Amino acid sequence: MTRLSSSSTPLSFARLSLRPLALAAVLAFGAATAMTASAQPASYVATDGTLLSVSATSEAKRIPNIATVSTGVVTQAADANAAMRANADQMAKVVAAIKAAGIAERDIQTSGISLNPQYRYAENQPPVITGYQASNNVNIVVRDISKVGKILDSLVATGANQINGPTFDLDDKDKDAAFDEARRGAIEKAQARAELYAKTLSMKVRRIVSVSEGGRFAPPMPMPMMAMRMEKAGAASDTSVSPGENSLSMSLDVVFELGK
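Residues numbered from 1 in each chain as written. Predicted model: local features only at pLDDT ≥ 70, side-chain atom pairs only at ≥ 80, totals over all residues. Heavy atoms only, no water.

Caption draft 1: Molecular detail of helix α4 (residues 148-158). For α4, the complete set of buried residues consists of Val148, Gly149, Ile151, Leu152 and Leu155. Seen from one end, α4 has its buried residues packed into an arc of 165°, which puts them on one side. Residues of α4 that are exposed and angled more than 90 degrees away from the buried face: Lys150 and Ala157. Tucked inside the fold, the buried residues of α4 contact β2 (66-77), α3 (80-100), β4 (125-142) and β5 (162-169). Of the residues flanking the end of α4, it is glycine 159, one or two places downstream, whose phi is positive at about 140°. (Buried < 20%, exposed > 50% of the residue type's maximum accessible area, 1.4 Å probe, protein only. Helix = DSSP H or I, 4+ residues; strand = E, 2+ residues; numbered from the N terminus. Arc of directions from axis to C-beta. Contact = heavy atoms within 4.5 Å.)

Here is the structure:
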């Protein structure tokens, strides 16, 4: 102790010299600690219990309230201009009929316009153009499903010679409500399974650690067969269309903590 006291000047100099080095070491250690902390995976959870991961899927069924139909006109002529002009004239009548049926502008969208040469093929001879085929198709959204059959009939009567569909779906508001119902069903299933595991292992469910949506699925209804019903005296009624029922599903991945 006496020896340390007697050399006070050198000791003070040593302290002053080591002070920047000590500060640098502290900063380096802090940076390393921060780097280590940030390197931890986002899903890391400190716990003394057992983590249980459960996947659950639930469905919600709804009657569709909108239908999508693709319709259009195909025309043929000897030259390209004639084919396109004839197509434009006939398509204008079809679009007018669509609007007259109460379909809003926002629910009418052109899906394709094409012009293709038609060929005649013969053995050992090059193909010969015999004419041109023009087509124009639109997708329409019908928001009153009860009118789908009547609208289809009116389009054909006006000049539409191509129809595909309908496919059935839900509008955004009803679709969101259906998915929320499926979410509630999925979380209830996950909780029930977690309780089953915990009871089997003589443990308890402490808490939910995390919840993530694995995906949602709303398959479009397949295109139904469109049948014409014939009444007495040969008069045809509206084309028969049945919307059926849509199924929307939601999958959840839930992590529970189990403990004694």
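Caption draft 2: Up close: the side chain of threonine 239. Tracing the backbone through its elements, the reader meets threonine 239 in the loop between β6 (204-217) and β7 (246-259). Residue threonine 239 is classed as buried on the basis of its relative accessible area, which comes to 11%. A polar side-chain atom of threonine 239 sits 2.4 Å from a polar atom in the side chain of aspartate 153. (Polar contact = N/O pair within 3.5 Å; in protein donor to acceptor, adjacent residues only side chain to side chain.)

Caption draft 3: How the structure looks around helix α5 (residues 172-200). For α5, spanning 29 residues, the distance from its first C-alpha to its last is 42 Å, which sits close to the expected 42 Å at 1.5 Å a residue. Within α5 the residues assigned to the buried category are Lys175, Ala178, Phe179, Ala182, Gly185, Ala186, Ala190, Ala194 and Ala198. Note on α5: the residue one or two positions beyond its end, serine 202, has a positive phi of about 55°. (Expected span 1.5 Å × (residues − 1).)

Caption draft 4: Broad picture of unusual backbone geometry. A cis amide bond links glycine 165 to the next residue, proline 166, at an omega of 0°. Despite not being glycine, asparagine 124 has its phi angle at roughly 65°, a positive value. Residue placement: asparagine 124 occurs in the loop between β3 (108-122) and β4. A relative accessible area of 78% places asparagine 124 in the exposed class.

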